Amino acid sequence: MSFKAVIFDLDGTLYDKSHISLRLVAKQLAHGKLSLLGRERQLRKRLKGRYFGSEEAFYAAFFEALGGKRAKDWYYQDYMPCMTRLLKEHYHIFPWVEPTFKDLHSQGIKTAVFSDYACTAERLEALGFDCSWTDFVFEAPAFGGLKPCREAFEAVCRAVGEQPSDCLMVGDRSDTDGAGAAAVGMGFYLTSSFPDTSYRT
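Only a predicted model underlies this, so the values are computations on that prediction, with no experimental measurement involved.

1. So, the layout of surface pockets
Phase 1 of the analysis: Roughly 570 Å³ of internal volume is contained in the largest pocket.
Phase 2 of the analysis: Lining the largest pocket are 21 residues, and of these K17, R44, D116, Y117 and R173 sit closest to its centre.
Phase 3 of the analysis: Of all the secondary-structure elements, those providing two or more residues to the lining of the largest pocket are α1 (20-30), α2 (34-47) and α8 (174-184).
Phase 4 of the analysis: Within the lining of the largest pocket, the residues separate by chemical class into 6 nonpolar, 3 polar and 12 charged.

As structure tokens, then:
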């Protein structure tokens, strides 16, 4: 099939995220914030797929459940900067990423990166990804809910200006990337199916 837009997940799709959870645990343990990290991980599981109507409503519910202002400060001032530093120090995009995005662009196919986490542009740059390679960078909370929230996937398609049937979602998880794509009629390609860590339309 041919597609007019290809939307890529970030973590685990554009780079090998092996051991990042252990590294985050070590850092947060050293800072005395391990309990917050554990609550954040459990909260994401509970909120997965739920639609809150807006970014503001999602984050209001998220931080209230996580622990209020203290948790919000930790998330933006400690956790996300820590993750970005770890990516810069230990991780890099797969070799196929740059040529694939450029190849898609040369064919007139739109591309996007779609993550469940905040600070996506900063994390991409830490990995060595030049954001000029892609047309769009999206964060699921900005659309009111975490993957596989149907409304978030619908909003991504609207934002790229294409019908869901003309979009392909590329990701490493069938329960989030795949389920969200299926809910709106997008195609889905599981990255573990890559025969040679390269991708071609």
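2. A look at the environment of R70
Phase 1 of the analysis: Summarising the element assignment, R70 is placed in helix α4 (residues 69-90).
Phase 2 of the analysis: Residue classification places R70 among the exposed positions, given a relative accessible area of 53%.
Phase 3 of the analysis: When the C-alpha positions of R70 and M83 are compared, they lie 18 Å apart, and in sequence the two are 13 residues distant.
Phase 4 of the analysis: Those residues in contact with R70, other than ones at most four positions away along the chain, are L36 and R39.

3. Side note on the state of the cysteines
Phase 1 of the analysis: Summed over all chains, the structure comprises 0 disulfides.
Phase 2 of the analysis: Free of any disulfide, C119 has its nearest cysteine sulfur in C82, 12 Å distant.
Phase 3 of the analysis: Free of any disulfide, C149 has its nearest cysteine sulfur in C157, 13 Å distant.

4. Some details on unusual backbone geometry
Phase 1 of the analysis: Each neighbour pair has its own omega, and for K147 with P148 the value is 5 degrees, a cis peptide bond.
Phase 2 of the analysis: Position of P148 relative to the elements: it lies in the loop between β3 (136-139) and α7 (150-160).
Phase 3 of the analysis: Not every positive phi belongs to a glycine, and H19 is a case in point at roughly 75 degrees.
Phase 4 of the analysis: H19 gets classed as exposed once you look at its relative accessible area, which sits at 53%.
Phase 5 of the analysis: For C119, which is not a glycine, the phi torsion comes out positive at approximately 55 degrees.
Phase 6 of the analysis: Secondary-structure assignment places C119 in the loop between β2 (110-115) and α6 (120-126).

5. A few points about the packing of aromatic side chains
Phase 1 of the analysis: Taken as a whole and judged by the stated rule, the model has 24 aromatic pairs.
Phase 2 of the analysis: Each ring, one from F58 and one from F62, has its centre 5.6 Å from the other, and the planes form 20 degrees; the classification is stacked. Here the residue F58 and the residue F62 both occupy positions in helix α3 (residues 55-66), the gap between them amounting to 4 residues, near one helical turn. For the pair F58 and F62, one class covers both residues: buried.
Phase 3 of the analysis: Consider the rings of Y59 and F62, whose centres lie 6.2 Å apart with planes at 85 degrees: the pair is edge-to-face.

Definitions and limits used
- Residues numbered from 1 in each chain as written.
- Predicted model: local features only at pLDDT ≥ 70, side-chain atom pairs only at ≥ 80, totals over all residues.
- Heavy atoms only, no water.
- 1 Å grid on protein atoms, 1.4 Å probe; cavity = no way out; pocket = protein on both sides within 12 Å on 5 of 7 lines; lining within 4 Å.
- Points joined across faces, edges and corners; volume = space filled by probe spheres on them.
- Helix = DSSP H or I, 4+ residues; strand = E, 2+ residues; numbered from the N terminus.
- Nonpolar A, V, L, I, M, F, W, Y, C, P; charged D, E, K, R; others polar.
- Buried < 20%, exposed > 50% of the residue type's maximum accessible area, 1.4 Å probe, protein only.
- Contact = heavy atoms within 4.5 Å.
- Disulfide = S-S within 2.5 Å.
- Phe/Tyr/Trp six-rings, centres within 6.5 Å; stacked < 30°, edge-to-face > 60°.

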